[in-house]
Amino acid sequence: MAAQSYFPVPPGVGMEENFFSLDDILLSQERLPSRTECTFPRLGFLEKSTDSPHILEGSKMELPLWLAKGLYERKRRVLSVELPKVYKEGWRTVFTADPNVVDLHKMGPYYYGLGSQMLNFDSPENPEIAQALLQTFIGRFRRTMDSSQNAYNEDTSAFVEKLDCLEKSLFKSGQSGLNGFQSWEKGQASQLTASSLVLNYRKRKINDLQP
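As the structure is a computational prediction, the values presented were derived from the model and not from experiment.

(A) Region of interest: the overall build of the protein chain. Tallying secondary structure elements over the protein chain gives nine helices and three strands in all. What you see in the protein chain, going N to C, is helices and strands ordered as α-β-β-α-β-α-α-α-α-α-α-α. With 211 residues in all, the protein chain has 31% of them scored as buried. Partitioning the contacts of the protein chain with sequence separation of at least 6, the portion at a separation of at least 24 is 61%.

Below is the structure:
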């Protein structure tokens, strides 16, 4: 088997990020509706909707996630971040009713990742957002994995294109595991190998033990 020139790095888990992961790098570019809580002197050139040399208090703009996190402070309010609509109560109600009917990729390819990052910002809705993320994942997980195992020789592109990036990764892992097992069962593989998830976990444990 030809050696891979690039071994994908998995994204971080929950509110943590892995900056060696292409998925997390792309996630950090997601834009968030924000409002300034103070004046930013001599930065007006960054805001194209005004002729002012400054970004004035109360200005509304969209900032990438990495910048919004960098500017956000709990003690000194310089920026407030608004929830993207997919995490607001209206959409949380839809996900609660039946999460499988929603096209998560269309709503945002990083639904779970961005939702977890939104918990970094103080919001009274954070407990509800966290619960909605968990229940949506649980509600869609079985169908995702069942499809990866039962659609061996079928065209699954229409189903996969509606998945969030995390779900696509799980779907791919499920199909890879099934292919490996069937090859082994037919005598086409000399041995079963550990999944990349297990190998990455072992590497992290070794790194943790090193001084």
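(B) Spatial organisation of the packing of aromatic side chains. Inspection of every chain in the model, using the stated rule, returns nine aromatic pairs. A centroid spacing of 5.3 Å and a plane angle of 15° characterise the contact between Tyr-87 and Tyr-111, whose relative ring orientation is stacked. On the criterion of sequence distance, the pair formed by Tyr-87 in the loop between strand S3 (79-81) and helix H3 (89-97) and Tyr-111 in helix H5 (residues 111-118) is long-range, its members being 24 residues apart. Taken as a pair, Tyr-87 and Tyr-111 share a single burial class, namely buried. When the centroid spacing of 5.1 Å and the interplanar angle of 75° are considered together, the rings of Tyr-111 and Tyr-112 count as edge-to-face. By the ring-pair criterion, three or more aromatic residues cluster together here, those being Tyr-87, Trp-91, Phe-95, Tyr-111, Tyr-112, Phe-137 and Phe-141.

(C) Local environment of the packing of H5 against helix H6 (residues 126-150). Where H5 meets H6, the axes come as close as 10 Å, and the angle between the chain directions of the two elements is 160°. Taken together, the axes of H5 and H6 lie roughly antiparallel to each other. Crossing handedness for the pair H5 and H6: left-handed. Residues Tyr-111, Tyr-112, Gly-115, Ser-116 and Met-118 of H5 lie in contact with H6, whose contacting residues are Asn-126, Ile-129, Ala-132, Leu-133, Thr-136, Phe-137 and Arg-140. Split into classes, the residues belonging to the contact of H5 with H6 amount to seven nonpolar, four polar and one charged.

(D) Just the sheet that holds strand S2 (residues 60-64), in detail. With respect to topology, three strands assemble into an open sheet ordered S2-S1-S3, the strand pairing being antiparallel. Pairing within the sheet leaves two strands with one partner each, and these edge strands are S2 and S3. Within this sheet the neighbouring strands show an average axis-to-axis angle of 45°, counted without direction. Across five bridges, the pairing between strand S1 (residues 31-36) and S2 is antiparallel. What sits directly across from Arg-35, in S2, is Lys-60.

(E) The packing of H6 against helix H8 (residues 165-185), seen in detail. The N-to-C vectors of H6 and H8 enclose an angle of 35°; their axes lie 8 Å apart at closest approach. Of the two elements, H6 crosses H8, and the hand of that crossing is right-handed. Of H8, the residues touching H6 (which contributes Phe-137, Arg-140, Phe-141, Thr-144, Met-145, Ser-147, Ser-148 and Gln-149) are Leu-166, Glu-167, Leu-170, Phe-171, Gly-174, Gln-175 and Leu-178. Residue classes in the contact of H6 with H8 are distributed as seven nonpolar, six polar and two charged.

Criteria and cut-off values
Residue positions are counted from 1 within each chain, in the order its sequence is given. pLDDT decides what is reported in this predicted model: residues at 70 or higher carry local features, side-chain atom pairs at 80 or more are listed and counted, and totals for whole chains, interfaces and linings draw on all residues regardless. In computing side-chain properties, one takes all heavy atoms of the structure into account and sets aside hydrogens as well as water. Secondary structure elements follow DSSP: runs of H or I of four or more residues count as helices, runs of E of two or more count as strands, with numbering from the N terminus. Burial classification: accessible surface area is computed with a 1.4 Å probe over protein chains only, and a residue below 20% of its type maximum counts as buried, one above 50% as exposed, and the rest as partly exposed. Two residues qualify as a contact provided that any one of their heavy atoms is within 4.5 Å of a heavy atom in the partner residue. Classification of ring pairs rests on two measures: the distance between centres of Phe, Tyr or Trp rings, Trp counted by its six-membered ring, which must be within 6.5 Å, and the angle between planes, read as stacked under 30 degrees, edge-to-face over 60 and tilted in between. Inter-axis angles, ranging from 0 to 180 degrees, are taken between N-to-C directions of lines fitted to C-alpha atoms, where helices are fitted over the stretch in contact. For classification, angles of less than 35 degrees are called roughly parallel, those exceeding 145 degrees roughly antiparallel, those between 65 and 115 degrees roughly perpendicular, and all remaining angles oblique. Here is the rule for handedness: rotate from the far helix to the near one, and if that takes an anticlockwise turn smaller than a right angle the crossing is left-handed, while a clockwise turn gives right-handed. Nonpolar residues are Ala, Val, Leu, Ile, Met, Phe, Trp, Tyr, Cys and Pro. Charged residues are Asp, Glu, Lys and Arg, and all others, Gly as well, are polar. Two strands make a pair as long as DSSP finds a minimum of two bridges between them.

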